[in-house]
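Spelled out from the first residue to the last, the chains are:
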Amino acid sequence: MANMETPKEKILILDKVSKQFGGIQAVEDFSMSMDKGELRCLIGPNGAGKTTVFKMVMGVYPASSGRIVFQGEDITSISASKRARKGMSIKMQVPGVYEELTLRENMRIAAENYVPKKQLAEEIDRLIELVHIQDLGNPQVKNMSHGQQQWLEIAMALASNPSLLLLDEPAAGLGPEETEFTAELVTSLNKQGLSILFIEHDMNFVRKIADQVTVMYYGKKFAEGSIDEIVNDERVIQIYLGNS
Amino acid sequence: MFGDIFAYIYQFIDSFAFLVLAALGMAIIYGMMGITNMAQGELIMIGAYVTDIMVCNLGMPLIIGIIIGTVFTGFVGLLMDRLIIKRLYDRPLDSVVATWGLSIALAQLIYIIFGPSMTGVSIPLGSFKVAGRSYSYYRLLLVAIAIVLILITFLVFKYTKFGLHSRATMQNREIANSLGVNANKMNAGTFMLGSALAGLCGGLYLPTMSLTPSYGESFLVQSFVTVLVGGADPLLGTVLAGGGLGIVQSILNMKFNTFYGKIGILLMAILFIRILPNGFSGYFNGVRLKMKLKKEKNRGDK
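In this report, we go over the structure that sits alongside the text.

Rules used in this analysis
Residues numbered from 1 in each chain as written. Chains lettered and ligands numbered in written order. Predicted model: local features only at pLDDT ≥ 70, side-chain atom pairs only at ≥ 80, totals over all residues. Helix = DSSP H or I, 4+ residues; strand = E, 2+ residues; numbered from the N terminus. Rg over C-alpha atoms; globule rule 2.2 N^0.38 Å. Buried ≥ 20, exposed ≤ 12 C-beta atoms within 10 Å, placed from the backbone. Contact = placed C-beta atoms within 7 Å. Pairing = 2+ DSSP bridges. Axes fitted to C-alpha atoms, helices over the stretch in contact; angles between N-to-C directions. Left-handed = near helix turned anticlockwise from the far one by under 90°. Nonpolar A, V, L, I, M, F, W, Y, C, P; charged D, E, K, R; others polar. Core = buried A, V, L, I, M, F, W, Y, C linked by C-beta atoms within 7 Å. Domains from an automatic or database assignment.

Counting secondary structure elements, chain A contains 10 helices and 10 strands. For 244 residues, the compact-globule estimate of 2.2 N^0.38 gives 18 Å, and chain A sits close to it at 18 Å. Out of the 244 residues in chain A, the part that is buried amounts to 45%. Across chain A, contacts joining residues at least 24 apart in sequence account for 65% of those joining residues at least 6 apart.

We now examine the pairing of strand β2 (residues 24-35) of chain A. All names here are of chain A. Here 8 bridges tie strand β1 (residues 10-21) to β2, and the two strands are oriented antiparallel to one another. Bridge pairing links Phe21 to Ile24 in β2. Taken together, β1 and the strand that follows it, β2, pair antiparallel across an intervening segment of 2 residues, in which Gly22 is found at a positive phi of about 60 degrees.

Residues and elements named next belong to chain B. At their nearest, the axes of helix α1 (residues 2-33) and helix α10 (residues 234-255) sit 7 Å apart, and the two run at 145 degrees to each other. Handedness of the α1/α10 crossing: right-handed. Grouping the amino acids of the contact of α1 with α10 by side-chain chemistry returns 15 nonpolar, 11 polar and no charged.

Moving on to the sheet that holds strand β4 (residues 65-70) of chain A. All names here are of chain A. Taken together, the 4 strands give an open sheet; going across it, the order is β2-β1-β4-β5, and neighbouring strands pair in antiparallel fashion. Edge positions in the sheet fall to β2 and β5 (73-74), since each of these pairs with one other strand and no more. In the sheet, β1 pairs with β4 via 5 bridges, with the strands oriented antiparallel. Within β4, the residue paired with Asp15 across the bridge is Arg67.

Our next topic: the environment of B:Gly194. All names here are of chain B. When you line up the elements, Gly194 lands in helix α8 (residues 183-205). With 28 C-beta atoms counted inside 10 Å, the residue Gly194 sits in the buried group. For the pair Gly194 and Tyr283, spaced 89 residues apart in sequence, the C-alpha separation works out to 24 Å. In this view, Gly194 contacts Gly25, Met26, Ile28, Ile29 and Gly77; residues no more than four positions away in its chain are not counted.

This paragraph deals with the nonpolar core. One finds A:Met107, A:Leu152, A:Ala155, A:Ala159, A:Leu166 and A:Ile196 to be the most contacted residues of the largest nonpolar core, which totals 81 residues. Residue contributions to this core peak at 7 residues, all from helix α6 (residues 146-158) of chain A. Looking at which domains feed residues into this core, each of domain 1 (9-87 + 162-244) and domain 2 (95-161) of chain A gives three or more. Setting aside chain neighbours within four positions, we find A:Ala159 in contact with A:Met107, A:Ala110, A:Ala111, A:Tyr114, A:Val115 and A:Leu127. Counting residues in each nonpolar core, the second largest holds 75 residues, with B:Ile35, B:Leu193, B:Leu206 and B:Val229 among its members.

Turning our eyes to something else, we now look at the environment of A:Ser145. All names here are of chain A. With respect to the element layout, Ser145 can be found in the loop between α5 (120-130) and α6. Look at Ser145 and you get partly exposed, because 14 C-beta atoms sit within 10 Å. Expressed as a C-alpha distance, the spacing of Ser145 and Ile196, which sit 51 residues apart in the sequence, is 24 Å.

Remember, this is a structural readout, not a statement about activity or role.
The following block contains the structure:
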């Protein structure tokens, strides 16, 4: 009972964050917070500003205004590489892997800053096995399938042993079996205590795994709640689910 | 007959070494950062001046002078990167103008400080004769250094953490940053390395040329053309362009004189812009990709 009364620790707080590109207001006064260990999905129609929010959280785009707090620390003005070292990791929308390099070279880039040299090979093996691409050998990444590249990027994102994982459309372009495996992987990572914020258009995938859902529309927060509340929200159905 | 063949081979490897040593630093900066450093010649000049001061004024051995010149030029490059180049990472055309302006300023600064010429350093190691013609051991040493440098550069970019992170930053700065790689630091390190290689070239060729504020100009055209003909891959491009241009230059130097050798190199540059605008490495990578696609298509048909 006492535990229930204790407020949960926030891993991420976005406080009235905005982003302008020239004259275009991509995100406006967007606020959202995430508890530690939460699995939250950010949904919204194309162009709603979801990826822009992700890139602001990661520090790839600086926020035009507002405040981003990660694990109690204001990180609004620090660089992406520093945010990564503080325990934040991202899988981009378009697979953010190095196609010209090999699978293991990609893993080395991701892991070298975080894993002691002696344990590097072992840790890379563990992560490759975790995402089920251990049987591929060490191909050049451009020779891997889209799904394998997505999983490789998740493995790369996990190499820093992050506290918060940002996944931008982890199921995009995957077949049913690949989507199933990705859902299991994301759920299992969350059960191990990893906080995960993900963007996804595949509502079956979202229904299957998300605890909480935040809906964006025209750069603003439109709705927020549990997956059941969201899928039954008439306004959301009208702007988003009704069109899909 | 043997004497003539040896003379051609000697001339070729000498041209190859000159082109590789002059262009390697520029090729790394261009290939890894997309910056065309028009001040590369002046960095070569700085390496030569520092080496000359160490050897002639402070009485140090040539090798120590060259090492100090290399390190000093590397730090000049780092300073250039932090003050100017870092503002131009995503502006390749602006970087040409800015570094060109910098090259003029540096040459004039050297002229104001040291005057129109400096005491030279004599060629060490002596010479040997083949079929009555005299050849320098030092120039053979330069060839060996060029080959060793290519190998070291290959190993650094292929196997070290710096090399891997530098390639990662070159291919996608955004991803590199998100993985915790400090892309700015990697770029600064790459520019410093390219500048140090320029300083090394300046020091190495000091005994073979007279030292004036226009010393860097003797290298800039050749290194620029080598990078242009080689394409974006700093190693494959430099080796192939060094080899190809070396053949053209050595034949023209031997048949006519060095003036025609330089004209030949410029003509090659014009020819490459017209026929292979992505240079040797762009062409070979294209061929490799076509072969791979053909192989995949054949596999699919089966």
